[in-house]
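# Architecture at a glance
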Amino acid sequence: MTDTQPDSLILEVADFDVNVLTGIYSEETKLPQPLRFTIWAEMLAEDHYAPDTPLSASKNYMDLKHAASTALPEGVHFTLIEAVADHVIETLFLQDPRIRRLKVKIIKLAIAEAGESIGITLTRTRR
């Protein structure tokens, strides 16, 4: 039996915090809330990565972080954090056609009562 799945490379930027205008309750809609992001981007892997393989054979990890921070529209209020995750995914799909699948995890830090993680994970595959 032969494995027909192509090799993949998963890039990850985990557990970084960004203040975002989000929420549905009146106390949430006036000030940005701290959200904790983790982003996974799946790309086709090269056949081999040698010590001198250039960055162009992969992707800059900071592009993932940028999509969830400075690429978010300033002053826009996202009712749901699902919409924040969707915006991040759309940004990265537009930025790099080599990305096949994205997963964005967002934790709402302000609503934890006993240190638990409360949030969502949105996964999308390029269509």
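In this report, we go over the structure that sits alongside the text. Just so it is clear, the model here is predicted, and its values are computed rather than measured. (Residues numbered from 1 in each chain as written. Predicted model: local features only at pLDDT ≥ 70, side-chain atom pairs only at ≥ 80, totals over all residues. Heavy atoms only, no water.)

### Overview of the packing of aromatic side chains
For the coordinates displayed, the defined rule picks out one aromatic pair. Positioned above the aromatic ring of Trp 40, the side-chain terminus of Lys 103 is 4.6 Å from the ring centre. (Phe/Tyr/Trp six-rings, centres within 6.5 Å; stacked < 30°, edge-to-face > 60°. Lys NZ or Arg CZ within 6 Å of the ring centre and 35° of its normal.)

### Some details on the pattern of salt bridges
Summed over all chains, the structure comprises six salt bridges. Across the pair Lys 59 and Asp 63 runs a salt bridge whose closest N-O atoms are separated by 3.1 Å. Between Arg 98 and Asp 96 there is a salt bridge, with its nearest N and O atoms 2.8 Å apart. Judged by its relative accessible area of 6%, Asp 96 is buried. Counted as one network, the salt bridges with shared partners bring together Lys 59, Asp 63, Asp 96 and Arg 98. (Salt bridge = Lys/Arg side-chain N within 4 Å of Asp/Glu carboxyl O. Buried < 20%, exposed > 50% of the residue type's maximum accessible area, 1.4 Å probe, protein only.)

### Let's talk about the sheet that holds strand 1 (residues 8–20)
Strands sit in the order 1-2-3-4 across an open sheet of four strands; the sheet is antiparallel. Since the sheet does not close on itself, it has two edges, and those belong to strand 1 and strand 4 (119–125), each with one partner. Strand after strand, the sheet turns through a mean of 15° between neighbouring axes, direction not considered. Pairing analysis gives eleven bridges linking strand 1 to strand 2 (residues 33–44), with the strands arranged antiparallel. What sits directly across from Leu 11, in strand 2, is Ala 41. Sheet contacts for helix 2 (residues 81–95): strand 1, strand 2, strand 3 (99–108) and strand 4; angle to strand 3, the most-contacted strand, approximately 150°. (Pairing = 2+ DSSP bridges. Helix = DSSP H or I, 4+ residues; strand = E, 2+ residues; numbered from the N terminus. Axes fitted to C-alpha atoms, helices over the stretch in contact; angles between N-to-C directions. Contact = heavy atoms within 4.5 Å.)

Such coordinate-based values are descriptive only and should not be taken to indicate function.
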